[in-house]
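Fold and contact review
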Amino acid sequence: MKEVMWAFNAVKSLIVEAGDEVKRGEGGQKEMVEMSSYQAPQSKLFDLAKTLIPFNPNSDSSEERITKEIRIPNKNAGMVLGRKASIINEIRATSSCKINVAKDSEVSGEDRTIQISGTPRGVHLAEYLIEAVQQMPRDTPQMLGLL
C-alpha cells in the first residue's frame with residue numbers, strides 16, 4: 001500500500017510541477033499556457049509529509065498577508081515544536097510564515113492555539129505541515145538531520 005501511495009504522490013507532484021496546459025489558439029495551432037506559478041517547496045520535512053497526507057496546493061497566489069489560528073491537541077505540541085524547536089523552525093522556513101505557538105501558561109483546556117501569518121499559500125502549507133507532523137514518528141528531527 002505504501003508503494004501505491006508513493007507512486008500516486010510522485011505522479012501528482014509531477015503534474016503539479018509541470019503546471020502547463022496545452023490550449024488551442026486561433027487557427028487551431030497548439031500553444032503552451034502557464035497555469036500556475038506554484039513551486040513545490042524543497043524540504044525534507046515536506047517530502048516526508050507527502051508520504052503521509054496528499055498535498056493539495058492552494059490556488060490563491062495573492063501576496064496579501066493573512067493570519068489564521070488553528071488548534072492542536074495540547075499533547076501534540078511537543079511533536080509540532082520538536083527538540084530545540086527544530087520542527088517548527090523547519091515549518092517556518094519552508095512556508096515563509098511567522099508562526100506563534102501558545103505557551104504552556106496560555107493554554108486552557110485540551111487544545112493549544114497556533115497562529116500562522118503569511119501569504120495564503122504559505123499559511124496553507126504551514127497548516128498542512130503542522131497536521132502532517134502530528135502523524136510522524138517521534139524521531140523525525142533525527143531522521144531529517146535537523147538536530
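Residues numbered from 1 in each chain as written. Predicted model: local features only at pLDDT ≥ 70, side-chain atom pairs only at ≥ 80, totals over all residues. Heavy atoms only, no water.

Considering the overall build of the protein chain
Secondary structure assignment for the protein chain yields 6 helices and 5 strands. Along the protein chain, from the amino end to the carboxyl end, the secondary structure elements read α-β-β-α-β-α-α-β-β-α-α. Residues classed as buried in the protein chain amount to 37% of the 147 residues present. Counting only contacts in the protein chain whose residues sit at least 6 apart along the sequence, the fraction spanning at least 24 positions is 68%. (Helix = DSSP H or I, 4+ residues; strand = E, 2+ residues; numbered from the N terminus. Buried < 20%, exposed > 50% of the residue type's maximum accessible area, 1.4 Å probe, protein only. Contact = heavy atoms within 4.5 Å.)

Re the side chain of Glu90
For Glu90, the position within the fold is in helix H4 (residues 86-95). One buried charged residue, Glu90, forms no salt bridge at all, with the nearest opposite charge on Lys44 at 8.5 Å. A polar atom in the side chain of Glu90 sits 3.1 Å from the side chain of Ser43. Sequence-distant contacts of Glu90, defined by excluding residues within four places in its chain, comprise Ser43, Leu45 and Leu146. (Lys, Arg positive; Asp, Glu negative; His and termini not counted. Salt bridge = Lys/Arg side-chain N within 4 Å of Asp/Glu carboxyl O. Polar contact = N/O pair within 3.5 Å; in protein donor to acceptor, adjacent residues only side chain to side chain.)

Quick word on the pattern of salt bridges
This model, assessed by the stated rule, comprises 4 salt bridges. With its nearest N and O atoms 2.4 Å apart, the salt bridge here joins Arg112 to Asp104. Using a relative accessible area of 60% as the deciding quantity, one classes Asp104 as exposed.

So, the environment of Asp111
Summarising the element assignment, Asp111 is placed in strand E5 (residues 111-118). For Asp111, a relative accessible area of 32% translates into the label partly exposed. Once residues lying within four places of it in the same chain are set aside, the contact partners of Asp111 are Arg71, Ile72, Pro73 and Asn74.

Digging into the sheet that holds E5
Across the sheet, 3 strands lie side by side as E3-E5-E4; this open sheet has antiparallel pairing. Of all strands in the sheet, those with a lone pairing partner are strand E3 (66-73) and strand E4 (98-101), marking the two edges. Taking the axes of each pair of neighbouring strands and ignoring which way they run, one obtains an average angle of 20 degrees across the sheet. Examined bridge by bridge, E4 and E5 share 4 bridges and lie antiparallel to one another. Considered in E5, the bridge of Ile99 is made with Ile116. (Pairing = 2+ DSSP bridges. Axes fitted to C-alpha atoms, helices over the stretch in contact; angles between N-to-C directions.)

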